[in-house]
Amino acid sequence: MRDANKNEIDRFKKEFCYNEKRRIEMSNYFSIEMDSFEELLPGKEIHSYACGNRRITTSFIIFKVTDETNNILYNPIFSESVGRKLAKAWGIPVKSKMNLFADENRHDNTADITNSYKINKKENEDNRNLRKLIILSRSMIILHSIEPRPMDKAFKEIYDKLESNKGWKVYASEIKSINTAISSYINSKRNKESENFSNINDYIKYIESNFNKRLIHFDFSNLRRIFLNNYPDADLFF
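Please read these numbers as outputs of a predicted model, since none were measured by experiment. (Residues numbered from 1 in each chain as written. Predicted model: local features only at pLDDT ≥ 70, side-chain atom pairs only at ≥ 80, totals over all residues. Heavy atoms only, no water.)

Participant: What am I meant to see in the nonpolar core here?
Facilitator: Considering soluble globular proteins, one finds that nonpolar side chains tend to be buried as a cluster. The biggest cluster of nonpolar side chains holds 37 residues, and the ones touching the most others in it are L130 and L133. Looking at this core, the elements that each hand over two or more residues are α4 (125–141), α5 (153–164), α6 (172–186), α8 (200–210) and α9 (221–230). Considering every element that reaches this core, the biggest residue donor is α6, with seven residues. Discounting residues that sit within four places of it in the chain, L133 has contacts with I178, I182, I200, F220, L223 and F238. (Core = buried A, V, L, I, M, F, W, Y, C linked by side-chain atoms within 4.5 Å. Buried < 20%, exposed > 50% of the residue type's maximum accessible area, 1.4 Å probe, protein only. Helix = DSSP H or I, 4+ residues; strand = E, 2+ residues; numbered from the N terminus. Contact = heavy atoms within 4.5 Å.)

Set out below in structure tokens:
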């Protein structure tokens, strides 16, 4: 299976994305599943596959659309509202949104702001924090993308596994995979020529300095400890 090229994507948009009826009919020709459901930074815009490359400014959904006849993979991007309608029409489950920011409606004014909502006691704390590290890292990686690609294999496989099994512990090798993915972006030409972040903590400071919204609560200290205990000579990027 190969990714669609630019000409194939343009043709796919024209044939299957130009209106609601045609988008729904996509399921008659392809196998479809939801790849991810993600929140954008305030003010960030990406392009939808819907007609005219409509702008998405809040949350977006990426689908995995497989042309099994020609062995071609498409990853159309739609706004949350369009994506939810399509998922309902196709009878496929909607993934949990990868939230960057805390839900202010759950805030208890009598509690400390970083602990203002209840944490499910059945969740493993390292599991929860590694998922949050993936969410923040993914947001950093697509910071300058207008048509973001799906999450890479390491991010997706680890995130989906932990999201589906929130009580499972995490392994040092999984933390290492995420650290390596962060490192790849940190050392990329795109980062060097833009914000030039040195690690994920620089990105967190960037968000806190530029947006008047409260980030999801996280604590990466134990993930760092596990990583350094197992890879003492490795560079840490979170």
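Participant: Would you take a moment to explain unusual backbone geometry for this structure?
Facilitator: Among all residues except glycine, the phi angle is most often negative; among peptide bonds, the trans geometry is most common. In this structure, N71 is a non-glycine residue whose phi angle is positive, near 55°. Assignment of secondary structure puts N71 in the loop between β5 (59–67) and β6 (72–74). Of note, the phi angle at N196 is positive, near 55°, even though the residue is not glycine. For N196, a relative accessible area of 39% corresponds to the partly exposed category.

Participant: Would you take a moment to explain the pattern of salt bridges for this structure?
Facilitator: As a working rule, side chains carrying opposite charge can pair if their charged atoms are close by. Counted under the stated rule, the structure contains 18 salt bridges. Here R149 makes a salt bridge to D3, at a shortest N to O gap of 3.0 Å. Residue R149 is found in the loop between α4 and α5, and its partner D3 is found in strand β1 (residues 2–3); the two are separated by 146 residues along the sequence. Classification of D3 by relative accessible area gives partly exposed; the value is 42%. Linking R55 and E45 is a salt bridge whose minimum nitrogen-to-oxygen distance equals 3.4 Å. Of this pair, R55 sits in strand β4 (residues 55–56) while E45 is found in the loop between β2 (31–39) and β3 (46–47), placing the two residues ten residues apart along the sequence. You can call R55 exposed: its relative accessible area is 62%. Each of E123, R128, R131, E163 and K166 takes part in one network of salt bridges that share partners. (Salt bridge = Lys/Arg side-chain N within 4 Å of Asp/Glu carboxyl O.)

Participant: What's the story with the side chain of R23 in this structure? I'm lost.
Facilitator: Inspection of the secondary structure puts R23 in helix α2 (residues 20–25). Comment: no salt bridge for buried R23; closest opposite-charge side chain is E20, at 5.5 Å. Once residues within four sequence positions are removed from consideration, R23 is found in contact with F16, C17, Y18, A50, F78, V82, L86 and W90. (Lys, Arg positive; Asp, Glu negative; His and termini not counted.)

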